[in-house]
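The lines below spell out each chain.
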Amino acid sequence: MQPQSTDPSPIQSAPVPIKQGIFNGRIGRLGYLLAVLYIVAAYVSLIVFYALGNFAFTQSSTSSIGSLLGTVVNVIVFLIGAVLVITIIPVSIGMQIRRWHDLGHSGWLVLLGFVPFANLVIFVFMFFVPGTADSNQYGEAYTGSLSPLRVYGLKG
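Residues numbered from 1 in each chain as written. Predicted model: local features only at pLDDT ≥ 70, side-chain atom pairs only at ≥ 80, totals over all residues. Heavy atoms only, no water.

### Describing the layout of surface pockets
Where empty space is left can be seen by rolling a probe of water-molecule size over the atoms.
Step number 1: A volume near 450 Å³ is recorded for the largest pocket.
Step number 2: Together, 17 residues line the largest pocket, and Tyr32, Gln96, Gly113, Asn119 and Phe123 are the ones closest to its centre.
Step number 3: Only α1 (29–60), α2 (64–102) and α3 (118–128) provide two or more residues apiece to the lining of the largest pocket. (1 Å grid on protein atoms, 1.4 Å probe; cavity = no way out; pocket = protein on both sides within 12 Å on 5 of 7 lines; lining within 4 Å. Points joined across faces, edges and corners; volume = space filled by probe spheres on them. Helix = DSSP H or I, 4+ residues; strand = E, 2+ residues; numbered from the N terminus.)

### A few points about the nonpolar core
Step number 1: Counting residues in each nonpolar core, the largest one holds 17 residues, and the members touching the most others are Tyr32, Met95, Trp100 and Met126.
Step number 2: Of all the secondary-structure elements, those providing two or more residues to this core are α1, α2 and α3. (Core = buried A, V, L, I, M, F, W, Y, C linked by side-chain atoms within 4.5 Å. Buried < 20%, exposed > 50% of the residue type's maximum accessible area, 1.4 Å probe, protein only.)

### Notes on the confidence of the model for the protein chain
Step number 1: Of the residues in the protein chain, 72% reach a pLDDT of 70 or more, and the chain-wide mean stands at 78.
Step number 2: Taken element by element, the protein chain is modelled with least confidence in helix α4 (residues 148–151), mean pLDDT 67, and with most confidence in α3, mean pLDDT 90.
Step number 3: A low-confidence stretch, residues 12–18 (pLDDT under 50), is modelled with 5 contacts involving residues beyond four sequence positions or located in other chains. (pLDDT = per-residue confidence, 0-100. Contact = heavy atoms within 4.5 Å.)

### Some thoughts on a nonpolar patch on the surface
Step number 1: Taken together, the side chains of Phe49, Leu68, Val72, Ile76 and Ile80 define a hydrophobic patch exposed on the protein surface, amounting to about 430 Å² of accessible area.
Step number 2: No other element matches α2, which puts 4 residues into the nonpolar patch.
Step number 3: With respect to the secondary-structure elements, leucine 68 resides in helix α2.
Step number 4: Residue leucine 68 is classed as exposed on the basis of its relative accessible area of 53%. (Patch = residues over 30% accessible without salt bridge, like charges linked within 9 Å, V, L, I, M, F, W, Y side chains within 5 Å. Areas by Shrake-Rupley, 256 points an atom, 1.4 Å probe, with all protein chains shown as cover. Salt bridge = Lys/Arg side-chain N within 4 Å of Asp/Glu carboxyl O.)

### Describing the environment of isoleucine 80
Step number 1: Within the secondary structure, isoleucine 80 is located in helix α2.
Step number 2: Sequence separation between isoleucine 80 and leucine 46 is 34 residues, and the spatial gap between their C-alpha atoms is 8.0 Å.

### Considering the side chain of asparagine 136
Step number 1: Mapped onto the elements, asparagine 136 comes out in the loop between α3 and α4.
Step number 2: Of the polar contacts made by the side chain of asparagine 136, one reaches the backbone oxygen of histidine 101; its length is 2.9 Å.
Step number 3: At 3.2 Å, the side chain of asparagine 136 forms a polar contact with the side chain of threonine 132.
Step number 4: With residues up to four places along the chain from it excluded, the contact list for asparagine 136 reads Arg26, His101, Asp102 and Gly104. (Polar contact = N/O pair within 3.5 Å; in protein donor to acceptor, adjacent residues only side chain to side chain.)

### Considerations on the packing of aromatic side chains
Step number 1: Evaluated as defined, the whole model comprises 3 aromatic pairs.
Step number 2: Ring geometry for tyrosine 32 versus phenylalanine 127: centroids 5.1 Å apart, planes at 55°, classification tilted. Of this pair, tyrosine 32 sits in helix α1 while phenylalanine 127 sits in helix α3, and the two are 95 residues apart along the sequence.
Step number 3: Three or more aromatic residues joined by ring pairs make a cluster, and in this case those are Tyr32, Phe123 and Phe127. (Phe/Tyr/Trp six-rings, centres within 6.5 Å; stacked < 30°, edge-to-face > 60°.)

### As for the pattern of salt bridges
Step number 1: Counted under the stated rule, the structure contains 2 salt bridges.
Step number 2: When the shortest N-O distance is used, the salt bridge between aspartate 102 and arginine 26 registers 2.8 Å. Placement of the pair is aspartate 102 in helix α2 and arginine 26 in the segment before α1, with a sequence separation of 76 residues. Each of the two residues, aspartate 102 as well as arginine 26, counts as buried.
Step number 3: You can call aspartate 102 buried: its relative accessible area is 6%.

Below you can see the structure in the form of structure tokens.
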């Protein structure tokens, strides 16, 4: 029978880098601003499409074909809007979580956004308070590309 080793040395491993994703990593003030602007641009373009479509089909003719095309435009805009809202909700929550991570806080603070009036203060707070300059427990400060896929955490 051989004696068992009592060496308490733990296995050393290299630190695992935090991957950028929808709910992981960090996003700075500029990235947060761009993400909000991308969302606003998507909604504004949808509203413009709706207004132009309705104006074109209601002013051009009073026939049943014009009203039918106006209805088709309304249905298309509604469906695009529904898909946009469904996809924007988790992405915007993830964006806010990553902004809280940049400030060095837990992502659970995103729940403060559901408190009336506090959400307005937090929205402004996110734009003006700089994140931690060095790395924190949520990763390195992000200095890469600010393309829409990168900002929303859909591309690593």
